[in-house]
Amino acid sequence: MSHYKLDSLDRKIIDLVLKDARVPFLEVARVCNVSGAAIHQRIQKLTNIGVLKGSQYIVDPEMIGYETCAYIGLYLKEPERFDEVVEALEKIPEVVECHYTTGGFDMFIKIYAYNNHHLLTVIHDKLQPLGLSRSETIISFHEAIHRPITMLDMQKDEDDDTVRSAE
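Remember, it's a predicted structure, so these values are computed and weren't measured experimentally. (Residues numbered from 1 in each chain as written. Predicted model: local features only at pLDDT ≥ 70, side-chain atom pairs only at ≥ 80, totals over all residues. Heavy atoms only, no water.)

## So, the confidence of the model for the protein chain
Mean pLDDT over the protein chain stands at 88; residues scoring 70 or higher make up 89%. Within the model, pLDDT remains below 50 along residues 163-167, and this stretch shows twelve contacts once partners closer than five positions in the same chain are excluded. (pLDDT = per-residue confidence, 0-100. Contact = heavy atoms within 4.5 Å.)

## As for the nonpolar core
Among the nonpolar cores identified, the biggest contains 20 residues, and Ile72, Leu74, Leu89, Met107, Ile109, Ile111 and Leu127 are the most heavily contacted of them. Contacts of isoleucine 109, omitting those with residues within four sequence positions, involve Ala70, Tyr71, Ile72, Leu74, Leu89, Val95, Glu97, Cys98 and Leu127. With 14 residues, the next largest nonpolar core counts Leu9, Leu16, Ile43 and Leu52 among its residues. (Core = buried A, V, L, I, M, F, W, Y, C linked by side-chain atoms within 4.5 Å. Buried < 20%, exposed > 50% of the residue type's maximum accessible area, 1.4 Å probe, protein only.)

## Some points on helix 5 (residues 116-127)
Residues separated by three or four positions in an α-helix point in the same direction, a consequence of the helix having 3.6 residues per turn. Among the residues making up helix 5, those that are buried are His118, Leu119, Val122, Ile123 and Leu127. Across the axial projection of helix 5, the buried residues extend over an arc of 140 degrees, all falling on one side. Along helix 5, exposed side chains directed more than 90 degrees from the buried face belong to His117, Leu120 and His124. For helix 5, the secondary structure elements touched by its buried residues are strand 1 (68-76), helix 4 (82-90), strand 3 (107-113) and strand 4 (132-140). Its side-chain oxygen placed 3.1 Å from the backbone nitrogen of histidine 117, asparagine 115 serves as the N-cap of helix 5. (Helix = DSSP H or I, 4+ residues; strand = E, 2+ residues; numbered from the N terminus. Arc of directions from axis to C-beta. Polar contact = N/O pair within 3.5 Å; in protein donor to acceptor, adjacent residues only side chain to side chain.)

## Concerning the packing of helix 2 (residues 25-32) against helix 3 (residues 36-48)
As a packed pair, helix 2 and helix 3 sit with axes 8 Å apart at the nearest point and diverge in direction by 105 degrees. Put simply, helix 2 runs roughly perpendicular to helix 3. For the pair helix 2 and helix 3, contact is made by Phe25, Leu26, Val28, Ala29 and Cys32 and by Gly36, Ile39, His40 and Ile43, respectively. Of the residues contributing to the contact of helix 2 with helix 3, the split by class is seven nonpolar, two polar and no charged. (Axes fitted to C-alpha atoms, helices over the stretch in contact; angles between N-to-C directions. Parallel < 35°, antiparallel > 145°, perpendicular 65-115°, else oblique. Nonpolar A, V, L, I, M, F, W, Y, C, P; charged D, E, K, R; others polar.)

In structure tokens:
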């Protein structure tokens, strides 16, 4: 996977839009001391090359009734069916993330359910038929930290590919 080399303006723009995706381009331009047109062009470029992937509203699952958050490690009877299983998982609305992982699990998923009974139903009625040999479930009581990656924590040196901590 190739990486796009960000310059200091790119990093500053990304940092600002990560804090507030609805910040007006003219406000970003003012903070960055460049024109609004330059910001628009940079954001368009960063979007076109895939550095920025849209903007969205974030719904608090608990506020709409999803009181149980669970992480489930899945073991497949037939690991070669991985792609098929991922396609099936995409059709289960309670599944919000699926990861390829190292270690013992074939895959690792995140689920939101209304309550523990709903979680059990999802596992029994929707996950088990996918060909699981077994699963391991961890219920999250509370998300203590949730944040996007930031541009100011780690920066690439302009002259080389060395990553250094910004201190």
